Every structure is written in C-alpha cells, then in structure tokens.
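Structural description and commentary
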Amino acid sequence: MPAPRGRPLAVDIGGSLNLVGTLVKYLGTAALFPTVVALGYGEPFWSFLLAGALTTGFGLVLERLTHGGERIGFREGYLVISVTWLLAAVFGALPYLIAGDPQLGRPVDAFFEGMSGFTTTGATVTVDVDALDRSVAMWRVFTQWLGGMGIVVLAVAVLPRLRVGGRQLFEAELPGPEVDQLAARIGDTARRLWLLYVGLTGSLFLILSFFALSGIDDRMTIFDAAGTAFSTIPTGGFGMDARSLEPFAAASQWVVALFMITAGVNYVLLYRALLRREHGRLARDDELRVYLALLALGSTLLLIELWTEGIATGEAAVRHAVFQASSVMTTTGLVTLDFAGWPTLALVTLIGLMFIGGSAGSTSGSIKVIRHLMVWRLLSRELRQTVHPEEVMPIRFNRSIVDERTLRAIIVFLFFYIGLFAAGAVVIAIDTSFQGPAIEPLDAVAASATTITNVGPGVGLAGPMGSFEPFSDVSTIVMTLLMWLGRLELLPVIVLFTRHYWRA
C-alpha cells in the first residue's frame, strides 16, 4: 500500500528485498542434498539442480537490483520473513513442477506441498507416497527440516551481515510471544539453537538406524531413519511410508513419541538443561509443567476412548494414545493408527489438542501453551478483581511480572487466530458444497484447523491415511495461505496489509 503523497515510506523496501535476495540465494544451495540422494539411487537429479539454480539465480538478481539491508528494524523484519517464506514455498515446489511429477505436477498442488513442507505442516496432496522417487520423498522431509528451526534463524546464525538487525528477524520468525537469549549476541543464540536442533536430529537418526541394523525394527531402513528424523524433530509430519509410522515396530513408535515431546519444549530451556546442565530450570518452568500436564490429559482421554470403543487394548492402546496426543499437540502429524474413523469424542479431543500446540520457542506450531497459560491467569485475575476491585494483581510467568502490553498482544493474537480459522472453515465448507468433494461440516473445520495450526492430517478424506488432493483449487489455495499465516503466527503477515505499517 503506497504512502500518502509527499510522505516518505517508513519501511526500507529496497533494503528488505535486498536481504530477501541474500536469503533466497543461499537457500537454493539446499537442492544439493536431494541431488546427492538422487545420484545415490540412480534417479533423475536435474530437476533439483535446475530448481536450486533458478532459486539462487533469482536471489542474486534481486540482491543486485536492490541495495541496503544492513540495518533491519522490526518493520523490515516482518516484510523480510513474510516474503522469504513465500519464496521458500515456491522453491520447495520447483522440483515437483520441473520433474512433472504425476501427483505434484500441477502448480497449485506443488505450491501446497512446498508450503506444507517449509511450514512443517505435513498436509499432503499426494495420494500414493510410496510411488514417489526416493529423492523426492527425501526432499519433502528435508524442506520440513529446513523450516523447523527456521531458515531465517539459520541465516541469523551464519550470515555476518545480519549481526545488526538480527534480533528483529529472530524474534519475528521464531514461534512464540517472546525470545529468551542464550548469549549476549543474537547470532550466538541462533547458532546454539541450531546446534541443539542438529544434535536432536542426529540422535534420533542413530537410534532408529540401530533399530534397523539390529533387527529390533525389521521394517525400518537407514533411509527411513533419516527421513523420520527429518520429519520428527521439526514436528513436520511427512511420512516415509503411505501409512506413516503404522508399519514400524512399537520400539520405533515409542522413541519417535519421546522425541516429538522433546521437540515441543522451548529450545532455550532444552539447551540450558541438556548442555549447560541447569536441570532445575525444567522443574521451575511454568510453561513446561502445563505442557506436560495437557499432554497427559489428552493421552488419558484418548486412552479411555480407545479402550471403551475396543479400538486397542493393553500396551498398544497406551502407545497409540500417547503417540497421537503428542503428535497432534506438538503439531507433528505422524500417526500410528488411522484416527479418521475414531468416535466423535476422540476426534474432538484431537482437534482441541491442535489448538494447544507446544511451547514457545519450540518447533511446534499452533497457539502455544504459554498463551493459553497467560489467558487463564488473565481470566483468573479478572474474576478475582470482580470481588476485590482495589487489589493490584500483576500476572507472573516464572516469577517475573508479565507486561500488560504483552497480555494485550496475546489477546489480539487469539482474536485473529480464531477469526481466521473460522473464516477458513466457512470458505472450505462453501467451496466444497459447490465444487466438492462431499464432506461433513467437521471435515471442513478439521481442514482449516489442521492447516492454520500446522498439524497436517485432518479427518475424513484428508485423514492421516488420506490426502487433500480431492479438494478444489480454491480450497487448496485457502489452506496454503492458512499454513503460511499459521507458521508466521499471523501478525507479521497481517500487519503488511495495514496503512499504518507503510506510513512514516
């Protein structure tokens, strides 16, 4: 939106686009990984090389045509991450389009899959995952891994030019209402978080590889171990098998569940507990306690449903309940059972868990536990002040007083979040009533919920063993936008469409 005549723009557009060009230029090099995989399996690799070359070339051209970007403020940060994530989704889609993949060859479908990958949603329009080339299957999960901790956070960690302005980008991109630094310089914090991220990925890969080589899991292979690690740690959800984790051994499912729960914890807290041995922080953290309590509650509710409906018994019932509750609440989206046909109460429980999410500063999507906790404490304060209107009652988190401005921001975020979710559900319901497919109202609600919360699987046709392929282009585009908005937590994108953002 242009600024009024005679008034300069408050946003450095040239500098912002220059920085976007730099980020995209380096992002294109990620195509080398699936190229190596394709060469190793004797599969066509030119689509990856061409996609990487086009992406890097576009970044170079954009960088040369613009200038600035050395000093990034919070306004520029919103523009940079919003545009970067859109272009990342385009980059993720290019190999599918260039190769003319039978399942992902349409631009709308390819863009949906690319956005789902980089936003770590895990929703898919593929009908037969097993029919994909191994290099394509690995590219899908690798896009999730790149998007998990955040491509912008990675850039802050490695690019010297982001030493100034890195905090604005870091805070705007990393999920959650606040960022707690590990070091005096934001670049050092970003590097340490990525070190932990890589370490968790490597640990899961080694454990699953051991299961494969030792015979503990006959279905697991080294390729599956790598893909599952790339999908689990970023809480992504793209499976290496058409049935997700259902065919794999119980031991693998339990280990993946443990890593999903770990990935849903605040990474700053994890770093301090695991690498600095500050274990006392875990017990004292308000958000972690609520996070684990809600996970336990969700698992218990699902367990009761599985038992009473005769879906599973014994250890299997406990495993499936814990796995599904953890997968949905952390917005991972991997499954061990097809829950699309579960009773209504179990489905409502899962949809409820979608809107909880993991901890702030984790790789999970959705609203986040800390926001729910703050709203609960805010409501409790309002009820108490109704009885004691003169009493001053600041709201605290981890014994520190929470600023009232932060509380207002949380309320505004929730208002927009629920509003966009409802709008998405209505549009999908109307569109499917005219263009198909024939779905139930709950299916439309689940489709909107699972995309804006970045969970992945819905119910009905788009269930965990199904696909979003039957939806029309209109619904597919709406769900793609919901994934983008959900991953960036709405406000950095919404603010771009306001007049105040562009005014000096």
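See the structure shown above.
Our subject in this report is the structure included herewith. What you are looking at is a predicted structure, and each value in this text was computed from that prediction instead of being measured.

The rules we used
- Residues numbered from 1 in each chain as written.
- Predicted model: local features only at pLDDT ≥ 70, side-chain atom pairs only at ≥ 80, totals over all residues.
- Heavy atoms only, no water.
- Helix = DSSP H or I, 4+ residues; strand = E, 2+ residues; numbered from the N terminus.
- Rg over C-alpha atoms; globule rule 2.2 N^0.38 Å.
- Buried < 20%, exposed > 50% of the residue type's maximum accessible area, 1.4 Å probe, protein only.
- Contact = heavy atoms within 4.5 Å.
- Areas by Shrake-Rupley, 256 points an atom, 1.4 Å probe, with all protein chains shown as cover.
- Lys, Arg positive; Asp, Glu negative; His and termini not counted.
- Charge placed at Lys NZ, Arg CZ, Asp CG, Glu CD.
- Phe/Tyr/Trp six-rings, centres within 6.5 Å; stacked < 30°, edge-to-face > 60°.
- Lys NZ or Arg CZ within 6 Å of the ring centre and 35° of its normal.
- Patch = residues over 30% accessible without salt bridge, like charges linked within 9 Å, V, L, I, M, F, W, Y side chains within 5 Å.
- Salt bridge = Lys/Arg side-chain N within 4 Å of Asp/Glu carboxyl O.
- Axes fitted to C-alpha atoms, helices over the stretch in contact; angles between N-to-C directions.
- Left-handed = near helix turned anticlockwise from the far one by under 90°.
- Nonpolar A, V, L, I, M, F, W, Y, C, P; charged D, E, K, R; others polar.
- Core = buried A, V, L, I, M, F, W, Y, C linked by side-chain atoms within 4.5 Å.
- Parallel < 35°, antiparallel > 145°, perpendicular 65-115°, else oblique.

Time to look at the overall build of the protein chain. Check the secondary structure of the protein chain and you find 22 helices and two strands. The C-alpha radius of gyration of the protein chain comes to 22 Å, within 12% of the 23 Å expected for a compact globule of 504 residues. Counting only C-alpha atoms, the protein chain reaches 65 × 65 × 55 Å along its principal axes. Expressed as a percentage of the 504 residues in the protein chain, the buried residues total 57%. For the protein chain, restricting intrachain contacts to residue pairs at least 6 apart in sequence, the fraction spanning at least 24 positions comes to 74%. Of the roughly 20,400 Å² of accessible surface on the protein chain, a fraction of 65% belongs to carbon and sulfur atoms. Taking the average location of the 36 positive side-chain charges in the protein chain and that of its 40 negative ones, the two points are 13 Å from each other.

Our focus in this paragraph is the side chain of threonine 331. Relative to the assigned elements, threonine 331 resides in the loop between helix H15 (314-329) and helix H16 (344-354). Each residue touching threonine 331, except ones within four places of it in the same chain, is listed here: Thr120, Thr235, Gly236, Gly357, Ser364, Gly365, Ser366, Thr453, Asn454 and Val455.

We now examine the packing of aromatic side chains. If you walk through the whole model with that rule in mind, you get 23 aromatic pairs. Note on phenylalanine 91 and tryptophan 139: the rings are 5.3 Å apart at their centroids and 75 degrees apart in plane angle, and the pair reads as edge-to-face. Remark: tryptophan 139 occurs in helix H6 (residues 134-149) and phenylalanine 91 occurs in helix H4 (residues 74-99); sequence separation between them is 48 residues. One exposure class covers both phenylalanine 91 and tryptophan 139, and it is buried. Taken together through their ring pairs, the aromatic side chains of Phe33, Phe48, Phe91, Phe118, Trp139, Phe142, Trp145, Trp194, Tyr197, Phe230 and Tyr267 make up a single cluster. The ring of phenylalanine 238 has arginine 140 lying over it, and the distance from NZ or CZ to the ring centre is 4.0 Å.

Where nonpolar side chains cluster on the molecular surface, the patch consists of Leu32, Leu39, Phe45, Trp46, Leu49, Leu50 and Leu54 and spans about 660 Å² of accessible area. A total of four residues in the nonpolar patch trace back to one element, the largest contributor, which is helix H3 (residues 46-65). Here leucine 54 shows up in helix H3. The exposure class of leucine 54 is partly exposed, given its relative accessible area of 46%.

Now for the packing of helix H11 (residues 250-263) against H15. Running from N to C, H11 and H15 point in directions that differ by 30 degrees, and their axes come no closer than 9 Å. The way H11 lies across H15 gives a crossing that is left-handed. Packed against H11, whose contacting residues are Ala250, Gln253, Trp254, Val256, Ala257, Met260 and Ile261, the element H15 presents Glu315, Val318, Arg319, His320, Val322, Phe323, Ser326 and Ser327 at the interface. Across the contact of H11 with H15, the residue classes break down as nine nonpolar, four polar and two charged.

Quick look at the environment of glutamine 103 now. Topologically, glutamine 103 is positioned in the loop between H4 and helix H5 (107-118). A residue is classified by how much of its surface remains accessible, and glutamine 103, at 19% relative accessible area, is buried. For glutamine 103 and alanine 131, which are 28 residues apart along the polypeptide, the C-alpha to C-alpha distance reads 9.2 Å. Not counting chain neighbours up to four residues away, the residues in contact with glutamine 103 comprise Asp109, Val125, Thr126, Val127, Asp128, Ala131 and Leu132.

The nonpolar side chains of soluble globular proteins are, as a tendency, buried together. Counting residues in each nonpolar core, the largest one holds 131 residues, and the members touching the most others are Phe118, Leu146, Tyr267, Trp342, Met374, Ile428 and Phe468. Residue contributions to this core peak at 10 residues, all from helix H9 (residues 186-214). When sequence neighbours within four positions are dropped, the list of residues in contact with phenylalanine 118 reads Leu27, Trp85, Ala88, Ala89, Phe91, Gly92, Thr143, Leu146, Gly147 and Ile151. With seven residues, the next largest nonpolar core counts Leu19, Val20, Leu62 and Val80 among its residues.

The packing of two helices is summarised by the inter-axis angle and the distance between the axes. At a minimum axis separation of 6 Å, H5 and H6 run at an interaxial angle of 45 degrees. As judged from the angle between their axes, H5 and H6 are oblique. For the pair H5 and H6, contact is made by Glu113, Gly117 and Phe118 and by Arg140, Thr143, Gln144, Leu146 and Gly147, respectively. Looking at side-chain class alone, the contact of H5 with H6 contains two nonpolar, four polar and two charged residues.

Tallied over the full model, the rule gives 15 salt bridges. Note that lysine 25 and glutamate 63 form a salt bridge whose closest N and O atoms lie 3.1 Å from each other. With lysine 25 in helix H1 (residues 13-27) and glutamate 63 in helix H3, the pair connects residues that are 38 residues apart, well separated along the chain. The class for lysine 25 is buried, based on a relative accessible area of 15%. Looking at glutamate 63, the relative accessible area reads 17%, which means it is buried. With its nearest N and O atoms 2.8 Å apart, the salt bridge here joins glutamate 315 to arginine 319. Of this pair, glutamate 315 and arginine 319 both sit in helix H15, four residues apart, roughly one helical turn. Under the relative-accessibility criterion, arginine 319 is labelled buried at 10%.

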